[in-house]
Amino acid sequence: MFDVIIIGAGPAGYVCAIRAAQLGMKVCLVDKRKELGGTCLNVGCIPSKALLESSHHFHMAQHGLGAHGVRVRGAELDLPAMLGRKDAVVKQLTGGIGMLIKKNKVTVKTGWGRLLGAGKVDVDGEVVEAKHVVIAAGSTPIELPFATFDHSTILDSTDCLSLPAVPKHLAVIGAGVIGLEMGSVWARLGAKVTVLDVATRPVAIMDEDLGNEAKKLFEKQGMTFALCAKVSGIEATKQGAKIAYTAADGSSQTLEADKVLVAVGRKAATAGMGLAEAGVKLTERGVIETDAHYQTNLPGVYAIGDCIAGPMLAHKGEEEGVALAERLAGQHGHVNYQAIPWVVYTHPELAGVGLTEAEAVAKYGTVKVGKFKFSANGRAIAVDATEGFVKVVAHPQTDELLGVHIIGHNASEMIGEAACLMEFKASAEDLARCVHAHPTLSEAVKEAALASQGRAIHS
């Protein structure tokens, strides 16, 4: 008999397991994979970032080092070696999770977890019991009804991590995080990349200025965008595929490509887990319904991560895992959903936390906005990373930070400062008065905060 059984060993599940064990609980972690870490570590966040980094180095060797006085001739792509490095990174990190789980004395059962009812889980025929059951099933790629994944021509995000050769033309359906990241990888390695999306700009969920700037910068890198485009069919051909879509002007268009990545989002991976049969309430899209404390309608059964409402982000799932474990131990775990950052790991990176300008205006009527371009930042000029800007959005009366949005080199690292300050309800003036080392890229964050006060120094 365990205190808690957790189904799913992704970021939400394994973090919940470790925290619960730290709090003295007897924990069982169930996952279909022997390699722990879920989608994120195995076929998502980690391998994609490894490929983004490697492909960026290759692109710099071909196009970017000359400005630094480094001449490179005859740089060649060794794709098997690049993919091998990616796999080695994944192996190292999944192995590390295994060590952490063992260190914290968490029992691991490999197999398909199926909920039998409150306190009971079937793992490939073995019934395991506990006081509490946590569903952390994660998510899977959404498949278009007219474009079934064949994993050869019509690809999901996992397929795109291990292509045996660089496509001549990669079409990407979806200009979100996954579409832009994987499109960037293969564009850097030599593929022609066309991105189609129904939205008016890339990463439409982020601040409008970031999306518009991203489009300009990625087009300069050679990517092509067909926006306000509604895809209606994908037909397999001997050469690859034909994509039928309605363009922004209402005309019918056809695009030919040898590979098609469908990256239109992800869905909760709750199918086949016996949830509905056990009485757990699900939405029509398979998302598990919970209250504010991750409790389902079934007593003793909880859910966290991608399979419940909210952004499908690894760090969101991790924080929910910690919060739930602490609540099960009688503490007061909590997640501030207003301070969860979003990141796109392209080059330049995009990052944002809090309200977009449009969301803030809709809520408060008017807001303070400050922007600062990296082209005026000393460190950015020194390292040849002048693309992009920082944007700060603040409350019109109280000056509380409502949102910070960055497009630029290492935006993923700089956004943490904003998230931390927003957690403590700091004002834009608080941020502006924080001393930042010189020369650093993060000085642009300070300058944007100063700009929101009407007193930027360097612009």
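Here the structure is a predicted model, which means the values were calculated and not measured.

J.: For this particular structure, what's the right way to read the packing of helix 1 (residues 11-22) against helix 4 (residues 79-103)?
T.: Any two packed helices are characterised by how steeply their axes cross, that is the angle between the axes, and by the distance between the axes. Direction vectors running N to C along helix 1 and helix 4 enclose 25°, while the axes themselves pass 9 Å from each other. It follows that helix 1 is roughly parallel to helix 4 by the angle criterion. Here helix 1 and helix 4 pass one another in a crossing that is left-handed. Contact with helix 1, carried on its side by Tyr14, Ala17 and Ile18, involves Ile97, Leu100 and Ile101 of helix 4 and no other residues of that element. Looking at side-chain class alone, the contact of helix 1 with helix 4 contains 6 nonpolar, no polar and no charged residues.

J.: Looking at this model, I keep getting lost on the sheet that holds strand 12 (residues 230-236). Mind explaining?
T.: Sheet strands line up and pair through hydrogen bonds in the backbone, either parallel or antiparallel. In spatial order, the strands read 12-13-14; together these 3 strands make up an open sheet with antiparallel pairing. Pairing within the sheet leaves two strands with one partner each, and these edge strands are strand 12 and strand 14 (252-257). Strand-to-strand twist across the sheet, computed as the mean angle between neighbouring axes with direction ignored, equals 20°. Pairing of strand 12 with strand 13 (residues 241-246), which is carried by 6 bridges, proceeds in the antiparallel orientation. Looking across to strand 13, one finds that glycine 233 is bridged to alanine 244.

J.: I tried to follow the pattern of salt bridges on my own but got confused; where do I start?
T.: Side chains bearing opposite charge may pair, as long as their charged atoms lie close to each other. Counted by the stated rule, this structure contains 16 salt bridges. For glutamate 219, the salt bridge goes to lysine 215, with nearest N and O atoms at 2.7 Å. Placement of the pair is glutamate 219 and lysine 215 together in helix 6 (residues 208-220), with a separation of 4 residues, close to one helical turn. The shortest N-O distance in the salt bridge between lysine 368 and aspartate 399 comes to 3.3 Å. Highlighted residues: lysine 368 in strand 20 (residues 368-373) and aspartate 399 in the loop between strand 21 (389-394) and strand 22 (401-408), separated in sequence by 31 residues. Judged by its relative accessible area of 26%, lysine 368 falls in the partly exposed class. Bridged by salt links that share partners, the residues Asp207, Asp209, Glu357, Lys371 and Lys391 form one connected network.

J.: What is the right way to look at the nonpolar core in this model?
T.: The tendency in soluble globular proteins is for nonpolar side chains to be buried side by side. Formed by 56 residues in total, the largest nonpolar core has its most connected members in Ile6, Val27, Ile101, Leu115 and Ile135. Top element by residues in this core is helix 1. It accounts for 8 residues. Among residues more than four places away in sequence, those in contact with valine 27 are Phe2, Val4, Ile6, Ala17, Ala20, Ala21, Val106 and Thr107. One finds Leu52, Leu79, Leu83 and Phe389 within the second-largest nonpolar core, a separate group that totals 36 residues.

J.: I would appreciate a short explanation of the packing of aromatic side chains in the present structure.
T.: Here the distance between the centres and the angle between the planes together describe a pair of aromatic rings. Under the counting rule described, the total for this entry stands at 0 aromatic pairs. Over the aromatic face of phenylalanine 2 sits the side chain of lysine 26, whose NZ or CZ is 5.2 Å from the ring centroid. Looking at lysine 371, its charged tip hangs above the ring of phenylalanine 389, at a distance of 4.3 Å from the centre.

J.: Got a minute to help me understand helix 11 (residues 411-423) in this structure?
T.: Since one α-helical turn is 3.6 residues long, residues separated by three or four positions face the same way. Across its 13 residues, helix 11 extends 19 Å between first and last C-alpha, which sits within 8% of the 18 Å expected from 1.5 Å per residue. Turning to helix 11, its buried residues are Ala411, Ser412, Met414, Ile415, Ala418, Ala419, Leu421 and Met422. Around the axis of helix 11, the buried residues are gathered within 165° of arc, so they sit on the same side. Its buried side turned inward, helix 11 meets strand 18 (342-344), strand 19 (349-354), strand 22, helix 12 (428-433) and helix 13 (443-452). Once helix 11 finishes, lysine 425 follows within two positions and takes phi at roughly 55°, a positive value.

J.: Looking at this model, I keep getting lost on the environment of threonine 153. Mind explaining?
T.: Positionally, threonine 153 belongs in the loop between strand 7 (139-141) and strand 8 (154-155). With 137 residues separating them in the primary sequence, threonine 153 and threonine 290 have C-alpha atoms 38 Å apart. When residues no more than four places from it in sequence are discounted, the contact partners of threonine 153 are Gly240, Ala241, Asp258, Lys259 and Val260.

Reading guide: rules and limits
Numbers given to residues run from 1 along each chain, matching the order in which its sequence is written. Selection of residues for local features in this predicted model requires a pLDDT of at least 70, selection of side-chain atom pairs for listing and counting requires 80 or more, and totals for whole chains, interfaces and linings are taken over all residues. Water and hydrogen atoms play no part in the side-chain values, which are based on all heavy atoms of the structure. Orientation is described by lines fitted to C-alpha atoms, with helices fitted over the stretch in contact, and by angles between N-to-C directions that extend from 0 to 180 degrees. A run of DSSP states H or I qualifies as a helix once it reaches four residues; a run of E qualifies as a strand once it reaches two. Both are numbered from the N-terminal end. Here the angle decides the label: under 35 degrees means roughly parallel, over 145 means roughly antiparallel, 65 to 115 means roughly perpendicular, and every other value means oblique. Two helices cross in a left-handed way if the nearer one is turned anticlockwise from the farther one by less than a right angle. They cross in a right-handed way if the turn is clockwise. Pairs of residues are marked as contacts when any of their non-hydrogen atoms sit within 4.5 Å. Each residue is assigned to one of three groups, with Ala, Val, Leu, Ile, Met, Phe, Trp, Tyr, Cys and Pro labelled nonpolar, Asp, Glu, Lys and Arg labelled charged, and all others, Gly among them, labelled polar. Only strands joined by at least two bridges in the DSSP assignment are considered to pair. Salt bridges, as used here, are contacts in which a Lys or Arg side-chain nitrogen is within 4 Å of a carboxyl oxygen on Asp or Glu. For every residue, the accessible area (1.4 Å probe, protein chains only) is compared with the maximum for its type, and the residue is labelled buried under 20%, exposed over 50%, or partly exposed between those bounds. Put simply, a nonpolar core is a bunch of buried Ala, Val, Leu, Ile, Met, Phe, Trp, Tyr and Cys residues held in one set by side-chain atoms that sit within 4.5 Å of each other. Each pair of aromatic rings taken from Phe, Tyr and Trp, with Trp reduced to its six-membered ring, is defined by centres within 6.5 Å and is described as stacked if the planes are under 30 degrees apart, edge-to-face if over 60, and tilted in the remaining cases. Only lysine NZ and arginine CZ atoms are considered, and such an atom sits over a ring when it is within 6 Å of the ring centre and within 35 degrees of the ring normal. Given a helix with a known number of residues, its expected span is that number minus one, times 1.5 Å. To be clear, the arc concerns the directions from the helix axis to the C-beta atoms.

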